[in-house]
Structure formats: structure tokens, C-alpha cells
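# Summary of the model geometry
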Amino acid sequence: MGSPTPVKVKMLQRVRRKPATLIHWTHTESEMDLNKNRSYLVTVTTELGETETLSVSARNEEKAEELAIDLVGRRMVGLRGVFCRSVTVKEDSLGKGR
């Protein structure tokens, strides 16, 4: 056996485990709505100038935008900003999130 050696541990703060683009978020008002959802790519820009594209399932573009704004506001996508300055929604024709 060897002698114990001091080890330096570096703590990382505000690190998300996977990019938000790899997470597929779903907006649903009831279980029956799951079959009616479509895939969207929602690009948000925060008040700090951070830009992120989220993969979202929702009934329509309005609900997809609503979900993205809510996720940013609750700091669930790893951005420092909490207010969306701009939001762009487009249908994910490849169904990347599914």
C-alpha cells in the first residue's frame, strides 16, 4: 500500500449535464393531447444575449413558445438570463426530438 496523497478537487458551478438541444421538452394539458403534439425547434434569446435552440413537442406553435419561455424563466435550460428578448418557432420537419 502506498501513502495517502493529497488530491485537489475542482468544483464546477452552473454546469448542465447535457446541452438543452439534446433534451426534448413536451407541453401537454392532458394525456390525450400527446398524440396531437407536433415537434418544434424554438430558438430563444435572453436579455443577456444568450441564444439556445430547444426541441419541443406541443399542440401548436403558440404552446411551444409558451413552454420555451416558461423553461427559460424557471432556469431549466442552463441559461443565466430569465427573460426572453426574442423567440422564434419553426416546425421540426425531421422530428429530431421524437
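Structure's up top.
What you are looking at is a predicted structure, and each value in this text was computed from that prediction instead of being measured. (Residues numbered from 1 in each chain as written. Predicted model: local features only at pLDDT ≥ 70, side-chain atom pairs only at ≥ 80, totals over all residues. Heavy atoms only, no water.)

### Some details on the overall build of the chain
Selection rule: Starting at the N terminus, helices and strands are each numbered in turn, a helix being any DSSP run of H or I of at least four residues and a strand any DSSP run of E of at least two. Working definition of accessibility: Shrake-Rupley area with a 1.4 Å probe, residue cover restricted to the visible protein chains.
If you tally the helices and strands in the chain, you get one helix and four strands. Order of helices (α) and strands (β) in the chain, N terminus to C terminus: β-β-β-α-β. Here the chain displays about 7,300 Å² of accessible surface, and carbon together with sulfur accounts for 52% of that area.

### Considerations on the nonpolar core
Rule in force here: As used here, the term nonpolar core means buried Ala, Val, Leu, Ile, Met, Phe, Trp, Tyr and Cys residues forming a set that is joined through side-chain atoms within 4.5 Å. Residue exposure (1.4 Å probe, protein chains only): buried if accessible area is under 20% of the type maximum, exposed if over 50%, otherwise partly exposed. Two residues qualify as a contact provided that any one of their heavy atoms is within 4.5 Å of a heavy atom in the partner residue.
Judged by nonpolar contacts, the single largest core of 15 residues is most densely connected at Trp25, Val42, Leu54, Val56, Ala64 and Val77. In terms of residue count, the dominant contributor to this core is helix H1 (residues 61-73) (five residues). Discounting chain neighbours no more than four positions away, the residues touching Val56 are His24, Trp25, Arg38, Ser39, Tyr40, Val42, Ala64 and Leu67.

### A word on the pattern of salt bridges
Which entries qualify depends on this criterion: Definition used for salt bridges: Asp or Glu carboxyl oxygen within 4 Å of a side-chain nitrogen of Lys or Arg.
Tallying each qualifying case throughout the model produces three salt bridges. The salt bridge involving Glu50 is made with Arg80; its shortest N-O contact spans 3.9 Å. In this pair, Glu50 is assigned in the loop between strand S2 (38-46) and strand S3 (51-58) and Arg80 in the loop between H1 and strand S4 (84-91), connecting sequence segments 30 residues apart. The class of Glu50 is buried, set by a relative accessible area of 15%. For Arg80, a relative accessible area of 53% gives the class exposed. Among the salt bridges present, the one from Asp70 reaches Arg74, with a minimum N-O distance of 3.0 Å. Under the relative-accessibility criterion, Arg74 is labelled exposed at 51%.

### What about the environment of Arg75?
The line we're drawing: Each polar contact in these results corresponds to two N or O atoms within 3.5 Å; when the atoms are within protein, one needs to be able to donate a hydrogen and the other to accept it, and residues that are neighboring in sequence are counted only if both atoms are side-chain atoms.
Locating Arg75 in the fold gives a position in the loop between H1 and S4. For Arg75, the side chain forms a polar contact with the main-chain oxygen of Arg80, separated by 3.4 Å.

### Some words on a negative patch on the surface
As a reminder, the rule being used: The patches described consist of residues with a relative accessible area above 30% and no salt bridge, like charges being joined within 9 Å and nonpolar side chains (Val, Leu, Ile, Met, Phe, Trp, Tyr) within 5 Å. Only four residue types enter the charge count: Lys and Arg as positive, Asp and Glu as negative, with His and the chain ends excluded. Lys charges are placed at NZ, Arg charges at CZ, Asp charges at CG and Glu charges at CD.
The grouping of Glu61, Glu62, Glu65 and Glu66 at the surface amounts to a negative patch. With respect to the secondary-structure elements, Glu61 resides in helix H1.

### Looking at the side chain of Glu50
Polar side-chain contacts of Glu50 include one of 2.7 Å to the backbone nitrogen of Gly81. For Glu50, the contacting residues outside a window of four places in its chain are Val44, Thr45, Leu79, Arg80 and Gly81.

### Observations concerning the pairing of S3
The criterion, for reference: The rule for pairing is simple: two strands pair if DSSP sees at least two bridges between them.
Counted residue by residue, S3 has six buried out of eight residues, so it is predominantly covered. Inspection of the sheet shows strand S1 (residues 24-26) paired to S3 by three bridges, in the parallel sense. In the sheet register, Thr26 faces S3, and the bridge partner there is Ser57. Note: S2 against S3, eight bridges, orientation antiparallel. Considered in S3, the bridge of Thr43 is made with Thr53.

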